[in-house]
Each structure stands twice: as structure tokens, then as C-alpha cells.
Amino acid sequence: MHLVTLAGCTEPDARPQQVLDWLTDWLGHYGLPVRAIRPGLLPAEDLLHARHEAPAIRAAIQALAGAQALLIATPVRLGAYSGVLKTFLDLLPAGALAGMRVLPLACGGEVSRQLTLHYALKPVLDALGAGSVLSSLQIGPRQARMRDDGLLVLDPGVETRIEAALLRLLAGLPLASSLPTDALPPPPRALRRAASAGLPAD
């Protein structure tokens, strides 16, 4: 039993991946196992031509097997989620997300686009069998920054909303049964990432 993160970006240091790394550290702080899927790092030809038997594609799909929840982070532009995320979701077999809880996170864009993932992404997740899709969270371009010492720092309000969403995502899941049911001890307020001089564009 595990959780899965899915990055809808092509650059390994883009904001969606940085946020997912922050979430992975947050979950790891409580001993929860996480596997990462990074479609942007998969062989482009195999991804575009939906070569399910290609080793990297097969491994990415297998990461979903037995997962209890999925966290997706994607840039949002022009009312749509990223092309690399769409391409990966299109190659998943029917029922690939059967019964799974999903938390979508929209990185960048204006607050007015907060519902983009609800209207554009949720129907796709539902069609793949997702058990429930939580309300998407918006992380604006000024609400996450990378400090010179390599710490990813989220706006306190955004961090609070993400932590609350994670608790909703985990509530009642077998792999989270060892967590306290009333309240969690506070996680680190800023989690270390690889050193970076600044936060790149989406």
C-alpha cells in the first residue's frame, strides 16, 4: 500500500515537481510510502505512441497498482492542464485509478482559474475509475518560493490548506491507520530540497 505523486511538467525543477517533492517530504515525515511518476522524464516516443510494453511506461503504470491515493500537480495555462499530463493519462488502461482518492493541485495561473482542474481534469479522473476527487488547490506564482539555501517555502495560508487537504485525503485509508485520529503533530514548516538559486517559471 502506498501513495503516488504525478507531475504534470517536463522540467524536474518546475514548480509542480517542487511542490510534489515538498508533499513527499511531508508524507515521509509521518512514515507514509510514496512512489513518484514523472511523465516528463519518460522516453518521449514511447509516451507519445502509447507504447505500453516499453519498460519505462510499464514501470510508471505499475506504480499505480495498489496505490490508495494519488496527488497530481500540474501547471495551468489557458484554462487547461499540461499536455504531458494529458498524454500520460490517455495511455492509462480503463480502471487504472479504480477506487483511488485523488488530490489535484494547480500551480501558477490566476486565482480565477482555480476551477480549471475541476472542469477539465476531474472528468478524466472519473472515467479512469477514481473513487473520489478532492477539490483542487491553487498555488499561485507568488505563493511558493525557493530560498537560496534550498528550502521550498509555501505561503502560510497555502501550506495550511494543503495540510488540511492531505488529512482529508488520508482520512480512513488503511496505510494511514497508524496516524493519530484527532490531530497530527506539526510537520516541519519548511522542508529541504536540492539547493537552487530561485524558483523557476512553470
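Above: the structure in question.
This text gives an overview of the structure that appears in the document. (Residues numbered from 1 in each chain as written. Predicted model: local features only at pLDDT ≥ 70, side-chain atom pairs only at ≥ 80, totals over all residues. Heavy atoms only, no water.)

**Side note on the overall build of the protein chain**
The helix and strand inventory of the protein chain stands at 6 helices and 10 strands. Counting all 202 residues of the protein chain, 48% fall into the buried class. Partitioning the intrachain contacts of the protein chain with sequence separation of at least 6 by distance along the chain shows that 83% fall at a separation of at least 24. (Helix = DSSP H or I, 4+ residues; strand = E, 2+ residues; numbered from the N terminus. Buried < 20%, exposed > 50% of the residue type's maximum accessible area, 1.4 Å probe, protein only. Contact = heavy atoms within 4.5 Å.)

**Topic: empty space enclosed by the protein**
Counted under the stated rule, the structure contains 1 cavity of 30 Å³ or more. Estimates place the volume of the largest cavity at around 30 Å³. For the largest cavity, the full set of lining residues is Cys-9, Thr-10, Glu-11, Pro-12, Gln-17, Arg-38, Gly-40 and Leu-41. Residues that form the lining of the largest cavity fall into these classes: 3 nonpolar, 3 polar and 2 charged. (1 Å grid on protein atoms, 1.4 Å probe; cavity = no way out; pocket = protein on both sides within 12 Å on 5 of 7 lines; lining within 4 Å. Points joined across faces, edges and corners; volume = space filled by probe spheres on them. Nonpolar A, V, L, I, M, F, W, Y, C, P; charged D, E, K, R; others polar.)

**Notes on the pattern of salt bridges**
For the coordinates displayed, the defined rule picks out 5 salt bridges. Here Asp-21 makes a salt bridge to Arg-38, at a shortest N to O gap of 3.5 Å. In this pair, Asp-21 sits in helix H1 (residues 15-29) while Arg-38 sits in the loop between strand S2 (34-37) and helix H2 (44-48), placing the two residues 17 residues apart along the sequence. Residue class for Arg-38 comes out partly exposed when judged on its relative accessible area of 31%. Between Lys-122 and Asp-126 there is a salt bridge, with its nearest N and O atoms 2.8 Å apart. With Lys-122 and Asp-126 both in helix H5 (residues 116-127) and 4 residues apart, this pair spans about one turn of that helix. Take Asp-126: its relative accessible area is 36%, and that puts it in the partly exposed class. (Salt bridge = Lys/Arg side-chain N within 4 Å of Asp/Glu carboxyl O.)

**Digging into the packing of H1 against helix H6 (residues 156-170)**
Look at H1 against H6: their axes get within 12 Å of each other, and the N-to-C directions meet at 55°. Our classification of the angle between H1 and H6 gives oblique. The way H1 lies across H6 gives a crossing that is right-handed. Contacts from Trp-22, Leu-23, Trp-26 and Leu-27 of H1 reach H6 at Glu-159, Ile-162, Glu-163, Leu-166, Leu-167 and Leu-170. Here the residues of the contact of H1 with H6 are counted per class, giving 8 nonpolar, no polar and 2 charged. (Axes fitted to C-alpha atoms, helices over the stretch in contact; angles between N-to-C directions. Parallel < 35°, antiparallel > 145°, perpendicular 65-115°, else oblique. Left-handed = near helix turned anticlockwise from the far one by under 90°.)

**Brief notes about the packing of aromatic side chains**
The description of an aromatic ring pair rests on the distance of the ring centres and on the angle between the ring planes. All chains considered together, the criterion is met by 1 aromatic pair. Taken together, a centroid distance of 4.9 Å and an interplanar angle of 65° make the contact between Trp-26 and Tyr-30 edge-to-face. Like Tyr-30, Trp-26 is buried. (Phe/Tyr/Trp six-rings, centres within 6.5 Å; stacked < 30°, edge-to-face > 60°.)

**A closer look at the side chain of Asp-46**
The topology assignment puts Asp-46 in helix H2. Excluding residues within four positions of it along the chain, Asp-46 makes contact with Arg-51, Ala-54 and Ile-57.

**Some thoughts on the pairing of strand S3 (residues 67-77)**
Of all 11 residues in S3, 10 are buried; the element is thus mostly enclosed. As paired strands, strand S1 (residues 2-7) and S3 are joined by 6 bridges and run parallel to one another. Its bridge partner being in S3, His-2 is matched across the sheet by Ala-67. Looking at chain direction, S3 and strand S5 (residues 101-107) are connected through 7 bridges and run parallel. Within S5, the position partnered with Thr-74 by the bridge is Ala-106. Of the pairings in the sheet, the one linking S3 to strand S4 (residues 80-81) comprises 2 bridges and is antiparallel in character. (Pairing = 2+ DSSP bridges.)

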